[in-house]
Amino acid sequence: MSDQRFSVFAPGKTILFGEHFVVRGGQALAVPVSELGTTGKVSPAAELSFCCAADVAFVKRAFFTVCEAIGMAPPAIELDLETTLPIGAGLGSSASLAVALAEIALRLAERRPSEEEINQLAYRLEQLAHGAPSGVDNTVIAYRQPIVFKSRKEIRSLNLSAPLQLLIADTGVQASTAAVVAGVAQRATANSAWFADLLGQADALVDQAALALENAELERLGRLLNANHRLLVELGVSSSELDRLVEAALAAGAKGAKMTGAGAGGCMIALVDSEAGRSVGAALKAAGAVRLWSTQVDAVDPRGAQR
Ligand code: PMV
C-alpha cells in the first residue's frame with residue numbers, strides 16, 4: 001500500500017486565437033482558466049480504486065497508461081477525481097484530466113516532476129482521448145501561463161502587461177473535437193488554396209494579438225478576437241448558438257468576442273472590462289448561455305520563468 005496522501009489541481013484553458021489552424025501547421029495563443037479545473041486527491045488504500053463522476057473506464061485506462069509509460073506498477077491508492085469544467089465544451093476538460101493524472105503518477109513514482117515532464121506525459125493521454133491533438137491544450141494547462149504554441153517544440157510564454165477579464169459562456173451544446181477536426185481536414189483537403197489563405201490570416205492574427213497582449217492594447221485585442229471569430233465562421237466550425245452569443249456580447253459592450261476550442265457548440269469568450277462585465281453577462285444569458293463564468297488572466301511578473 002502506498003502511504004502517500006496529496007492532492008493536485010490542473011486548471012482549464014481557453015484558446016484566444018488559432019484553434020483548428022494549429023492542427024494544420026498554424027499557431028495558437030492560449031491562456032489558462034484558473035477558476036475551473038480538475039482536482040485529484042490521492043489517499044492510501046488496500047487496492048487501487050477510483051472515485052469520479054467522469055467516465056471511470058476512461059480514467060482507469062488513462063491511469064494505467066501513465067503508470068506504464070513511466071514504468072511504475074499501478075499503486076494501491078484511492079484516486080478521487082473531480083472537475084468543475086464542462087465536458088466537451090472547449091475549455092480543456094480532457095487535457096486538464098490528463099495533466100492531473102500525469103502529475104499524480106509522477107509524484108507517486110516519487111519524482112518531483114518538471115512542468116515539461118508532466119506536459120509530455122499528459123500529451124500521451126490526449127492522444128488516447130483525441131487521436132492526433134496539436135498539444136496546445138495540455139501545454140497551456142501544464143505550464144499554467146499564457147503561451148503562443150506553434151508545435152510541441154515551438155512554444156513561447158507570453159508576458160501580459162495588463163490583466164485580461166474574460167466572460168466565458170457555454171451554449172450547452174456538446175460537440176466532439178475529433179469530429180469537428182475531421183470536418184476541417186476534409187474541407188482543407190478539398191480546397192487547399194482556400195484553407196491556406198485562412199491559415200495565413202489566422203497566423204497573422206496570433207502575431208498581432210501577442211503584441212497587443214504584451215503592450216496592454218485591449219481595444220486592439222478585442223478587434224483581433226472578432227476577426228478570428230469571422231475566420232472560424234468561414235472555416236465552418238461555428239454554430240448559430242455561438243454566433244448569437246458573440247453578437248449579443250458585442251452589442252452589450254464587449255471589446256471583442258469569439259467561439260473558443262473546437263466549436264460546433266461548446267463555449268465562446270468575450271473580452272470585457274469591469275464596467276461592461278455585468279451588462280455583457282446579462283446579455284449572454286438572455287441570448288441563451290446555459291452557463292457563464294468570469295475569469296481573470298493575470299499579468300505575468302516580467303522576472304517570471306521564460307521558456
Ligand atoms: O478540444 P477543444 O475544444 O478544447 O479544442 C481543441 C483545439 C483544436 O485546435 C480544435 C484541436 C487541437 O488539437 O488543437
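Going along each chain's sequence as written, the residues are numbered from 1 onward. Owing to the predicted nature of the model, reporting of local features is limited to residues with pLDDT of at least 70; listing and counting of side-chain atom pairs is limited to 80 or more, with chain, interface and lining totals taken over all residues. Values shown for side chains rest on all heavy atoms present in the structure; no hydrogens or waters enter the calculation.

S.K.: Is there a simple way to think about the confidence of the model for the chain in this case?
M.R.: The predicted coordinates ought not to be read in detail in places where the model reports low pLDDT. Of the residues in the chain, 97% have a pLDDT of 70 or more, and the chain-wide mean is 94. One number per residue, pLDDT, summarises how confident the predictor is, and it ranges from 0 to 100. The contact definition used throughout considers only heavy atoms, calling two residues in contact when any of these lie within 4.5 Å. Note that residues 303-307 has pLDDT below 50 and, in this model, eight contacts with residues that lie over four places away or in other chains.

S.K.: Honestly, the site of the ligand in this entry has me stumped. Any pointers?
M.R.: Taken together, 14 residues lie around the ligand, and Lys13, His20, Ser134, Thr177 and Ala262 are the ones closest in. Taking Ser134, its side chain carries an N or O atom lying 2.6 Å from an oxygen atom of the ligand. Within 3.5 Å is the distance limit for a polar contact, defined as a pair of N or O atoms, with the added protein rule that one can donate a hydrogen and the other accept it, and that residues adjacent in sequence qualify only through two side-chain atoms. In the model, an oxygen atom of the ligand is placed 2.9 Å from a nitrogen or oxygen of the Ala262 main chain. Within the complex, the protein chains bury 93% of what would otherwise be the 380 Å² of accessible surface of the ligand. Only heavy atoms are used to decide nearness, and a residue is near a molecule or strand if one of them lies within 4 Å of it. Method for areas: the Shrake-Rupley scheme with a 1.4 Å probe, in which residue coverage is limited to the protein chains shown.

S.K.: Whenever I open this one, the side chain of Gln4 confuses me. Can you help?
M.R.: Numbering of helices and strands runs from the N terminus, with a helix taken as a DSSP run of H or I at least four residues long and a strand as a DSSP run of E at least two residues long. As for its position among the elements, Gln4 is in the segment before strand E1 (6-17). Setting aside its immediate chain neighbours within four residues, Gln4 contacts Val42, Ser43, Pro44, Arg107, Leu108 and Glu110.

S.K.: Is there a simple way to think about the domain arrangement of the chain in this case?
M.R.: Once the domains are mapped, the chain shows domain 1 (6-157) and domain 2 (164-297). Taken over C-alpha atoms, the centre of domain 1 sits 23 Å from the centre of domain 2. In this assembly, 33 residues from domain 1 lie in contact with 48 residues from domain 2. The term buried area refers to how much accessible surface (probe radius 1.4 Å) is lost by two components on association, counted for both of them together. Both sides together, the interface formed by domain 1 and domain 2 hides about 2,900 Å², and carbon and sulfur atoms give 67% of it. When residues of domain 1 are sorted by the area they lose upon contact with domain 2, Phe17, His20 and Phe21 head the list and together hold 27% of the total. For this document, the term salt bridge refers to a Lys or Arg side-chain nitrogen within 4 Å of an Asp or Glu carboxyl oxygen. The interface formed by domain 1 and domain 2 contains two salt bridges. Inspection of the region where domain 1 meets domain 2 yields 15 residue pairs in polar contact (both at pLDDT 80 or more). Mapped onto the side of domain 1 that touches domain 2, the elements with two or more residues apiece are E1, strand E2 (28-44) and strand E5 (147-151). No other element matches E2, which puts eight residues into the side of domain 1 that touches domain 2. Note that domain bounds follow an automatic or database assignment of domains.

S.K.: Looking at this structure, I do not really get the side chain of Ser43. What am I missing?
M.R.: Tracing the sequence through the fold places Ser43 in strand E2. If we ignore the near neighbours within four places in the chain, the residues touching Ser43 are Gln4, Arg5, Ile77 and Glu78.

S.K.: I tried to follow unusual backbone geometry on my own but got confused; where do I start?
M.R.: Excluding glycine, most residues fall at negative phi; most peptide bonds, likewise, are trans. Backbone geometry places His20, a non-glycine residue, at a positive phi of 70°. Here His20 shows up in the loop between E1 and E2. Relative accessibility decides the category of a residue: with a 1.4 Å probe and only protein chains considered, values under 20% of the type maximum give buried, values over 50% give exposed, and everything between is partly exposed. The buried category is assigned to His20, whose relative accessible area is 4%. Located in the positive-phi region is Ala216, a residue other than glycine, with phi close to 55°. Mapped onto the secondary structure, Ala216 falls in the loop between helix H6 (192-214) and helix H7 (218-235).

S.K.: Hey, could you run me through the pattern of salt bridges in this one?
M.R.: If charged atoms from side chains of opposite charge come close, those side chains can pair. If you walk through the whole model with that rule in mind, you get ten salt bridges. For Glu19, the salt bridge goes to Lys258, with nearest N and O atoms at 2.8 Å. Taken as a pair, Glu19 in the loop between E1 and E2 and Lys258 in strand E8 (residues 256-259) lie far apart in primary sequence, 239 residues in all. Given a relative accessible area of 0%, Lys258 falls into the buried group. Linking Arg107 and Glu103 is a salt bridge whose minimum nitrogen-to-oxygen distance equals 3.3 Å. In this pair, Arg107 and Glu103 are both assigned in helix H2 (residues 93-108), four residues apart and thus about one turn of the helix distant.

S.K.: Could you clarify how one ought to interpret the nonpolar core in this entry?
M.R.: Nonpolar side chains in soluble globular proteins tend to end up buried together. Counting residues in each nonpolar core, the largest one holds 61 residues, and the members touching the most others are Phe17, Leu29 and Met268. Considering each element in turn, this core owes the most residues, ten residues, to H6. When residues of this core are sorted by domain, at least three fall in each of domain 1 (6-157) and domain 2 (164-297). Look past the residues within four positions of Phe17 in its chain and what remains in contact with it is Gln27, Ala28, Leu29, Leu205, Val206, Ala209, Leu221, Leu224, Leu225, Asn228 and Lys258. Throughout, nonpolar core names a set of buried Ala, Val, Leu, Ile, Met, Phe, Trp, Tyr and Cys residues whose side chains join them through atoms within 4.5 Å. Residues Val8, Leu79, Leu106 and Ile147 belong to the second largest nonpolar core, which totals 43 residues.

S.K.: Where do I start with helix H8 (residues 240-251) in this structure?
M.R.: For an α-helix the count is 3.6 residues per turn, leaving residues at separations of three or four pointing the same way. Multiplying 1.5 Å by the residue count of a helix minus one yields the expected span of that helix. The terminal C-alpha atoms of H8, which comprises twelve residues, lie 16 Å apart, in line with the 16 Å expected from a rise of 1.5 Å per residue. Residues Leu242, Leu245, Val246, Ala248 and Ala249 constitute the buried set of H8. In a view along the axis of H8, the buried residues occupy a sector of 165°, so they form one face of it. Exposed positions of H8 whose direction lies more than 90 degrees from the buried face are Glu247 and Ala251. Against strand E7 (164-170), H7, E8, strand E9 (267-272) and helix H9 (274-286) lie the buried residues of H8. Downstream of H8 by one or two residues, Gly253 has phi in the positive range, about 110°. Summarising the geometry, the arc corresponds to the directions from the helix axis toward the C-beta atoms.

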